[in-house]
Amino acid sequence: MKINNKIIPEAPKGRERLKWIGPAIIWMISAIATGELIFTPRIASLYGYTVLWTMVLAIFLKTLLAREIGRYAVVTGSSLLEGIKTLPGPGNWGVWLIILPQFFVAVATLVGMSGAASSAIILVIPGGFQFWAIIFLLISITLVFFGKYRGVELISIVMALVITTALVTAAILIFPGINVLAAGLVPSLPPNVNFSELLPWIGFMMSGAAGLIWYSFWLVTRGYGAAYYRFREAEETEVIKSMDSEPTADELEFEVIEETEPLDISRITGEEKKHLKGWINIMTFSTTVAASIVLILLIALMILGAQLLRPAGLVPEGPAVTAVLSELLGGIWGIAGAALMIVAAFFAFWSTIVANLDGWTRMLGQGSIFILRQFKSSGKYLSMRFYRYLYLIGLMGILPVIFIILRPEPIEFLIIAGIIEAVHIPVVAFSVLYLNWRTLPADFKPSKPVIILTGAVGLFFMVFAAYYIYIELLGL
């Protein structure tokens, strides 16, 4: 099929660019309730400003990594998981390496976030902590299963903007001075540091390993760059019409991926290359906007945690997570501030659960199908609908409910998930480094400084993980 400018459209310009920041905002919201809203005040309460430098460095490195993942998605029209499937070596070894740890992360995160949401509900509605955690998880699964969660997303985006504004304003009111923050930018660690606290914080901050891969899914689904080519060809070849019933977003995306070939960059014109570079600029802009919002929010949360929670000896944990977090605004504006924080925290936790359910359904389902295709399976086992049943009901339903009943400690589960995410990030970093350097044409390869910095992302998290294993697990 001839590839022309109608297949790869010119990137939007001016105000039109603002309409394309959706994937970055969804990506930001998917982790805002863990690395930001829960762990940052917790870390600030435990260690004050001494680890501020770690936060700034982690945000910078993850932003760079997200951009490189976006580069791959925009240029190829493929998710990162598709690219990982093509890594040289035994069939699908990279896919196995990605999805296996994420089974544990999915369960642990959903247990933790359901508990966090329940900690907000019990402050305003009678009922037990475990009861509401289970009810809320089941409601979220039902909404995602039937694709009826757009309203939650819209409300959560509004609440995210409201709470970010409120938290930043509150932090300005009790700003400790530039010298205090500057001291925290000097690389050092407090003598009583516990790496089992730091590692999940930087693992979840802005986005974990799973969220970084989801970002490529959302860019492809939105139609960034070469992804438009694949969805357009799917319509022309009647991929959609060949399905038995109206496809879900997951099923449509997988059918497009399986039934259409990725864009052959060698066949496009110079004008189309300019279009793709324009799309890369849009992706970079939206990624930077999302990361900047996260950084501002993180600094505000660190100030509030260090100035309000630390002196009072308050640490967000257990069923009292939201009650403690309410002090971040309650300590400034009293009951009204605490109420706003409770409502905002609830929607932040809810949106994170919904985004995580959606993201894991896509990633684990598609990864499972890639692996089963290797063994020439067929029928329902290659249907995204089958995995929507399997993972939403089993992995993300039954197992979390069991753990909520047995051990209702949301922070403990989030710490486990965050540690796995942090350890997993080097796998994502080195995978995209290889794919961008070895598989993209010269016009789209990252520069040598970017290659070095992408490698530094993997090394940064490898060092933290190795030190955690050395100190915390081996006790050396």
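Residues numbered from 1 in each chain as written. Predicted model: local features only at pLDDT ≥ 70, side-chain atom pairs only at ≥ 80, totals over all residues. Heavy atoms only, no water.

Per an unreviewed UniProt entry, the chain goes by the name Nramp family divalent metal transporter and belongs to Methanobacterium veterum. The UniProt entry for the chain carries the following comment under Subcellular location (unreviewed entry): "Membrane". (UniProt positions renumbered as here; feature names shortened; annotations may be inferred.)

Q: Help me out: how do you make sense of the packing of helix 13 (residues 270-312) against helix 15 (residues 327-374) in this one?
A: Helix packing for two helices is described by the angle between their axes and how far apart those axes are. At a minimum axis distance of 9 Å, the contact between helix 13 and helix 15 shows a crossing angle of 70°. If you check the angle between helix 13 and helix 15, you find them roughly perpendicular. When the axes of helix 13 and helix 15 are compared, the crossing they make is left-handed. Listed contacts from helix 15 to Leu-301, Leu-304, Gly-305, Leu-308 and Leu-309 of helix 13 are Glu-327, Leu-328, Gly-331 and Ile-332. (Axes fitted to C-alpha atoms, helices over the stretch in contact; angles between N-to-C directions. Helix = DSSP H or I, 4+ residues; strand = E, 2+ residues; numbered from the N terminus. Parallel < 35°, antiparallel > 145°, perpendicular 65-115°, else oblique. Left-handed = near helix turned anticlockwise from the far one by under 90°. Contact = heavy atoms within 4.5 Å.)

Q: What should I look at first to understand the packing of aromatic side chains in this one?
A: The geometry of an aromatic ring pair comes down to the distance between the two centres and the angle between the two planes. Overall, the coordinates contain 19 aromatic pairs when judged by the stated rule. On the basis of an interplanar angle of 20° and a centroid distance of 6.2 Å, the ring pair of Phe-39 and Phe-204 is categorised as stacked. Of this pair, Phe-39 sits in helix 2 (residues 39-47) while Phe-204 sits in helix 9 (residues 195-204); the two residues are 165 residues apart in sequence, bridging distant segments of the chain. Here Phe-204 falls in the buried class, since its relative accessible area comes to 5%. (Phe/Tyr/Trp six-rings, centres within 6.5 Å; stacked < 30°, edge-to-face > 60°. Buried < 20%, exposed > 50% of the residue type's maximum accessible area, 1.4 Å probe, protein only.)

Q: Sorry if this is basic, but what is going on with helix 6 (residues 129-145) here?
A: Because each turn of an α-helix spans 3.6 residues, side chains separated by three or four positions end up pointing in the same direction. When the terminal C-alpha atoms of helix 6 are compared, their 24 Å separation across 17 residues agrees well with the 24 Å that a helix rising 1.5 Å per residue should span. Looking at helix 6, one finds that the buried residues are Phe-129, Trp-132, Ala-133, Ile-134, Phe-136, Leu-137, Ser-140, Ile-141 and Val-144. Directly after helix 6, the chain includes Gly-147, whose backbone phi takes a positive value near 65°. (Expected span 1.5 Å × (residues − 1).)

Q: For this particular structure, what's the right way to read the environment of Tyr-72?
A: By secondary structure assignment, the location of Tyr-72 is in helix 3 (residues 52-76). Exposure remark for Tyr-72: the relative accessible area of 7% places this residue in the buried category. The sequence separation of Tyr-72 and Leu-435 amounts to 363 residues, and the corresponding C-alpha distance is 7.7 Å. Beyond its immediate sequence surroundings of up to four residues, Tyr-72 is in contact with Gly-77, Ser-78, Ser-79, Leu-80, Gly-83, Leu-435, Asn-436, Thr-439 and Leu-440.

Q: Can you walk me through the packing of helix 5 (residues 93-121) against helix 17 (residues 410-439) in this structure?
A: Contact geometry of helix 5 with helix 17 gives a least axis separation of 8 Å together with a crossing angle of 150°. Compared by their axis directions, helix 5 and helix 17 come out roughly antiparallel. Seen from above, helix 5 lies across helix 17 with left-handed handedness. Each residue belonging to the contact of helix 5 with helix 17 can be placed in one class, and the counts come to 16 nonpolar, five polar and one charged. (Nonpolar A, V, L, I, M, F, W, Y, C, P; charged D, E, K, R; others polar.)

Q: When you look at unusual backbone geometry in this model, what are you seeing that I'm missing?
A: Excluding glycine, residues mostly have negative phi values, and the peptide bonds linking residues are mostly trans. With a phi close to 65°, Met-206 is a non-glycine residue in the positive phi region. Relative to the assigned elements, Met-206 resides in the loop between helix 9 and helix 10 (209-222). A relative accessible area of 1% means that Met-206 is categorised as buried.

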